[in-house]
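# Tertiary structure, described
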Number of protein chains: 2
Amino acid sequence: MRKDTSTNALNEKFINDTCGMGRALNIVGGRWKPAILYKLYRTTMRYGELKKSIDGISERMLVAQLRELEEDKVIERIVYPEVPPRVEYRLTDLGRTMGPMLEAMSNWGDLHREKTGDQTKGSSND
Amino acid sequence: MRKDTSTNALNEKFINDTCGMGRALNIVGGRWKPAILYKLYRTTMRYGELKKSIDGISERMLVAQLRELEEDKVIERIVYPEVPPRVEYRLTDLGRTMGPMLEAMSNWGDLHREKTGDQTKGSSND
DNA sequence: CAGCATCCGGTTTGATACTG
DNA sequence: CAGTATCAAACCGGATGCTG
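Keep in mind that what you see is a predicted model, and the values were worked out from it rather than measured.

Looking now at the UniProt feature "domain: HTH hxlR-type" (unreviewed entry) in chain A. UniProt's entry tags residues 19-117 of chain A with the feature "domain: HTH hxlR-type" (unreviewed entry), counted in the numbering of this structure. In the segment residues 19-117 of chain A, helix accounts for 61% and strand for 14%; the C-alpha atoms at its two ends are 32 Å apart.

Moving on, we get to unusual backbone geometry. The residue Lys-73 of chain A is not glycine, and still its phi comes out positive at about 70 degrees. Along the chain, Lys-73 of chain A falls in the loop between α5 (59-71) and β2 (75-80).

What follows concerns the sheet that holds strand β2 (residues 75-80) of chain B. Residue and element names in this part refer to chain B. In spatial order, the strands read β1-β3-β2; together these three strands make up an open sheet with antiparallel pairing. In this open sheet, the two strands that pair with only one neighbour each are β1 (45-46) and β2. Alignment of β2 against strand β3 (residues 86-91), held across six bridges, turns out to be antiparallel. Bridge pairing in β3 places Tyr-80 opposite Arg-86. Running over the sheet, helix α3 (residues 33-42) touches β1, β2 and β3 and is turned about 90 degrees from β3. Its contacts with the sheet place helix α5 (residues 59-71) against β2 and β3, and it is angled at close to 110 degrees to β2.

Here we come to the side chain of Thr-92 of chain A. Summarising the element assignment, Thr-92 of chain A is placed in the loop between β3 (86-91) and α6 (93-96). A distance of 2.6 Å separates the side chain of Thr-92 of chain A from the backbone oxygen of Lys-73 of chain A, its partner in a polar contact.

Our focus in this paragraph is the pairing of β3 of chain A. Residues and elements named next belong to chain A. Here two bridges tie strand β1 (residues 45-46) to β3, and the two strands are oriented antiparallel to one another. By the bridge assignment for β3, Arg-46 is matched with Glu-88. What sits between the antiparallel neighbours β2 and β3 is a turn of five residues.

What follows is about α3 of chain B. In terms of burial, α3 of chain B is largely enclosed, as nine of its 10 residues are buried. Buried residues of α3 of chain B: Lys-33, Pro-34, Ala-35, Ile-36, Leu-37, Tyr-38, Lys-39, Leu-40 and Tyr-41 of chain B, and no others.

What follows is about the pattern of salt bridges. All names here are of chain A. Applying the stated criterion across every chain yields a total of 12 salt bridges over all chains. As a salt-bridge pair, Glu-76 and Arg-90 come within 3.1 Å of each other at their nearest N and O atoms. One end of the pair, Glu-76, is in strand β2; the other, Arg-90, is in strand β3, and 14 residues separate them in sequence. Residue classification places Glu-76 among the partly exposed residues on the basis of a relative accessible area of 32%. Residues joined by salt bridges that share partners form a network here, namely Glu-82, Arg-86 and Glu-88.

Spatially, the C-alpha atoms of Glu-76 of chain A and Lys-33 of chain A are 14 Å apart, while their sequence positions differ by 43 residues. The residues touching Glu-76 of chain A, leaving out its near neighbours within four places in the chain, are Glu-88, Tyr-89, Arg-90, Leu-91 and Thr-92 of chain A.

Bringing the protein's contact with DNA strand C into the picture now. Lining the immediate surroundings of DNA strand C are 20 residues, of which Arg-60 of chain A together with Arg-46, Val-63, Arg-67 and Arg-77 of chain B lie closest. A share of 65% is what sugar and phosphate atoms reach among the atoms of DNA strand C within 4 Å of the protein. The separation between a base nitrogen of DNA strand C and a polar side-chain atom of Glu-59 of chain B is 3.5 Å. Take Pro-85 of chain B: an N or O atom from its main chain is 3.3 Å from a sugar or linking oxygen of DNA strand C. Here the surface near DNA strand C gets four residues from one element, more than from any other, and that element is α5 of chain B. Class assignment of the residues belonging to the surface near DNA strand C gives a composition of eight nonpolar, four polar and eight charged.

Scoring rules and cut-offs
- Residues numbered from 1 in each chain as written.
- Chains lettered and ligands numbered in written order.
- Predicted model: local features only at pLDDT ≥ 70, side-chain atom pairs only at ≥ 80, totals over all residues.
- Heavy atoms only, no water.
- UniProt positions renumbered as here; feature names shortened; annotations may be inferred.
- Helix = DSSP H or I, 4+ residues; strand = E, 2+ residues; numbered from the N terminus.
- Pairing = 2+ DSSP bridges.
- Contact = heavy atoms within 4.5 Å.
- Axes fitted to C-alpha atoms, helices over the stretch in contact; angles between N-to-C directions.
- Polar contact = N/O pair within 3.5 Å; in protein donor to acceptor, adjacent residues only side chain to side chain.
- Buried < 20%, exposed > 50% of the residue type's maximum accessible area, 1.4 Å probe, protein only.
- Salt bridge = Lys/Arg side-chain N within 4 Å of Asp/Glu carboxyl O.
- Near = heavy atom within 4 Å.
- Nonpolar A, V, L, I, M, F, W, Y, C, P; charged D, E, K, R; others polar.

What follows is the structure, encoded as structure tokens:
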């Protein structure tokens, strides 16, 4: 057990920030958001690249999720007024502040996989 | 019950497999999961207590989410073989390792709220 | 008390076809 | 290339009633 201030402070944070947590979840927690963010966190990508790299996603969903992330100010949409249309997506500065959170999530996900001996390994039909 | 054969489920599985992040999201990312987890993060609780403390949740959902969390090994279900049935729920050790992640999410949600100057702040305390 | 079964409506998603 | 439009299916969650 930790000091009251420690554990309590942490708990208190959860209490006061259940919404903050919900907000975070709302932004990164869509069905395709993780995949999109995962890609964009590494590099800027074009619409078509994203579509190809995220296997199974439909245009409808890709656009929808992209728009949401854009609205949440975590990604940026850059349109190049060229003859063959070109649109690039990349994280905003705010988007980059997700780093620690995403890492924490990723780490815990890995830990959880270890501890539970994961079953959902990529052997799913696809 | 959800059909594993549906395209939907397949895609979801794929996402969860993409990285630990998806896995983490899948576990804490339900509609009521945050609320349940934050309650149980503080203390062990009985089914009825949870139901009462989480305002608005239906039995159907509470049980469903509880079962999922249990299956994910982050919470524990303890049944007391007493005449008036008594069932308690509490975090497992693995569940407690979520602390840093939950905090990171909470923090970022907070930061995001500041940066975007949003309004969603209806923290309903106990 | 704890929890499951069933029905039902609203929302999300996927597939497909079409446009600038 | 980068989307938009539309329809139907799947899913989610709520309300209600029933059981041990």
